[in-house]
Structures are given as C-alpha cells and as structure tokens.
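Here is how the chains run, residue by residue.
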Amino acid sequence: MAKPIYKRVLLKLSGEALMGDDPYGINRATIDRMVNDVAEVANLGVELAIVIGGGNIFRGVAPGAQGMDRATADYMGMLATVMNSLALADAMRHVGITARVMSAISIEQIVEPYVRPKALQYLEEGKVVVFAAGTGNPFFTTDTAAALRGSEISAEIVLKATKVDGVYTADPKKDPNATRYSTITFNEAISKHLQVMDATAFALCRDQKLPIKVFSIIKPGALKRVVMGEDEGTLVHV
C-alpha cells in the first residue's frame, strides 16, 4: 500500500474557502467536506498543522475596514481567525479527530496560547494543531503566519489551499490558453511575477528552503493526492 511522502505538513486555508457559496460566514456543508479531507490525511499518519485566514468574517484590508486604523483592523481580522479555528476544531471533533487551537494572542479562557514545544508535542501525539490569530502582529498576513509556523515546526512543506488548482501562466478565468505549472522554482515565480503568496511569506519560505504546494481545496480528494505525491497542483521549490 502506498504511503504519504510527507510526515509533517502545514496546511494554509483561506477564510473565504469556508464560505462555500454563501456571501460571508461559515457554510456548514463546506467546512464538513474540508474536515473530512483533513481527517483522511490525518488518519494516514501525517502530522498536520493548519493556519486559517479570517476573510469570511473580517479582513484588515477589506472595504469594511476603510477609515479604520490599520492595526486595529488587523487585530479584528486576527479575532476572525480565532472564530474560524474554533469552528474547524469543533468540526474535526465530530469526525473523531482531536484538534488543539493555539492562538498567537492571549485569549486563555477560549484557546491556549501558542507555545512551540507544546505544539510539537501535540503533533507528535497525532493531534491536529490549528494556529489562530496569525502571527499576533498587525501588518502581516496569514500567509506569513503559515510560512512562519511551518518553519517553526519543521514542516516539510506548506500546502496552500486555494480555489484554483495550482499556479498558471496567466489567470485561467481570463485566459483560456493559460496552462498549469506542475513545478516551478521560487526564482522563476518571481521573474514571471506569479502571485503565489504575499511577498513576505514567499521570501520566508524561499530563505528557509520550505517548498509550497498550491492546490484546490474545492476538488474532492485533492489534499490526499498531494500528500501521496500525485500530480496535483503546483510545487514551488528552491
């Protein structure tokens, strides 16, 4: 029987992915489907950590934040990621997966604070660790939080789950001739001006030699195919 090619991974989910077809918030059917995909991978023995955004509830750079102090708006976005993390952990509990939410900002009555040795212990025990509240600092995205936490826990790869099944030569929605890259180097992505992650996150992954796999979370079974090493999505590597 084939085995996963990765032992420990960091999965980056966008908050918007939780909306499904709804205009905002969390779509129950969508989160249940995602959690089933996560459970499938966790049950293979893959140590899994997750960073989730908050764009389905609030984003510091969203139109609704216009006129607000940027730091204040970003803190509101961090709290939105805590809400999403709690929803994700609860949904995982329903399918028999033990999850621990660890927050970069202190809300100890609700979630435990992020402590690296504790996070590593949870992963080794087979628990899924959900990192909430981004980096805990304004002006940084959850992409950067994913790159940072992935580096801290010695993840073998950052799996960036999106609505598109990889990195394309052009926007596939606008250009019918756009083709998907199976693999591409960090330097090639920079030279071709391909938007894989925000610049800070991308630079951190490149400097830490931490590869990124961009794939579609909407495609059924895509997450499992990625960890099994099948031709799914786009691998960005050194």
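Residues numbered from 1 in each chain as written. Predicted model: local features only at pLDDT ≥ 70, side-chain atom pairs only at ≥ 80, totals over all residues. Heavy atoms only, no water.

Undergrad: Could you clarify how one ought to interpret the overall build of the protein chain in this entry?
TA: Within the protein chain one finds seven helices and nine strands. Taking 238 residues into account, the globule formula puts the C-alpha radius of gyration at 18 Å, and the protein chain, at 17 Å, falls close to it. Dimensions along the principal axes, computed over C-alpha positions, put the protein chain at roughly 50 × 50 × 35 Å. Taking all 238 residues of the protein chain together, 52% fall into the buried category. Expressed as a percentage of contacts within the protein chain between residues at least 6 apart in sequence, the contacts between residues at least 24 apart total 72%. The positive charge centre, built from 26 side chains, and the negative charge centre, built from 26, are 2 Å apart in the protein chain. (Helix = DSSP H or I, 4+ residues; strand = E, 2+ residues; numbered from the N terminus. Rg over C-alpha atoms; globule rule 2.2 N^0.38 Å. Buried < 20%, exposed > 50% of the residue type's maximum accessible area, 1.4 Å probe, protein only. Contact = heavy atoms within 4.5 Å. Lys, Arg positive; Asp, Glu negative; His and termini not counted. Charge placed at Lys NZ, Arg CZ, Asp CG, Glu CD.)

Undergrad: Would you take a moment to explain the pairing of strand β9 (residues 234-237) for this structure?
TA: When a strand is regular, its side chains alternate between the sheet's two faces. The side-chain alternation of β9 yields one buried face, formed by Thr 234 and Val 236, and one unburied face, formed by Leu 235 and His 237. The sheet contact formed by strand β7 (residues 183-185) and β9 spans three bridges and is parallel. For Thr 183, the partnering residue across the bridge sits in β9 and is Leu 235. Pairing geometry for strand β8 (residues 212-216) and β9, over three bridges, is antiparallel. (Pairing = 2+ DSSP bridges.)

Undergrad: What should I look at first to understand the side chain of Lys 12 in this one?
TA: Along the polypeptide, Lys 12 turns up in strand β1 (residues 8-13). We classify Lys 12 as buried; its relative accessible area is 5%. If we skip the residues at most four places from it in the chain, Lys 12 touches Val 51, Thr 142, Asp 143, Ala 146, Leu 159, Lys 160 and Ala 161.

Undergrad: So what exactly am I meant to see when it comes to the side chain of Asp 143 here?
TA: Checked against the element boundaries, Asp 143 lands in helix α4 (residues 142-152). Take Asp 143: its relative accessible area is 10%, and that puts it in the buried class. Ignoring sequence-local partners within four residues, the contact set of Asp 143 consists of Lys 12, Lys 160, Met 197, Asp 198 and Ala 201.

Undergrad: Mind showing me how you'd approach the sheet that holds β9 here?
TA: Strands in a sheet are paired, the pairing made by backbone hydrogen bonds, and the direction either parallel or antiparallel. The strand order β4-β3-β5-β2-β1-β6-β8-β9-β7 describes an open sheet built from nine strands, whose pairing is mixed. Two strands bound the open sheet, and with one partner strand each, they are β4 (112-113) and β7. Here five bridges tie β1 to strand β6 (residues 157-162), and the two strands are oriented parallel to one another. Bridged to Leu 10 within β6 is Val 158.

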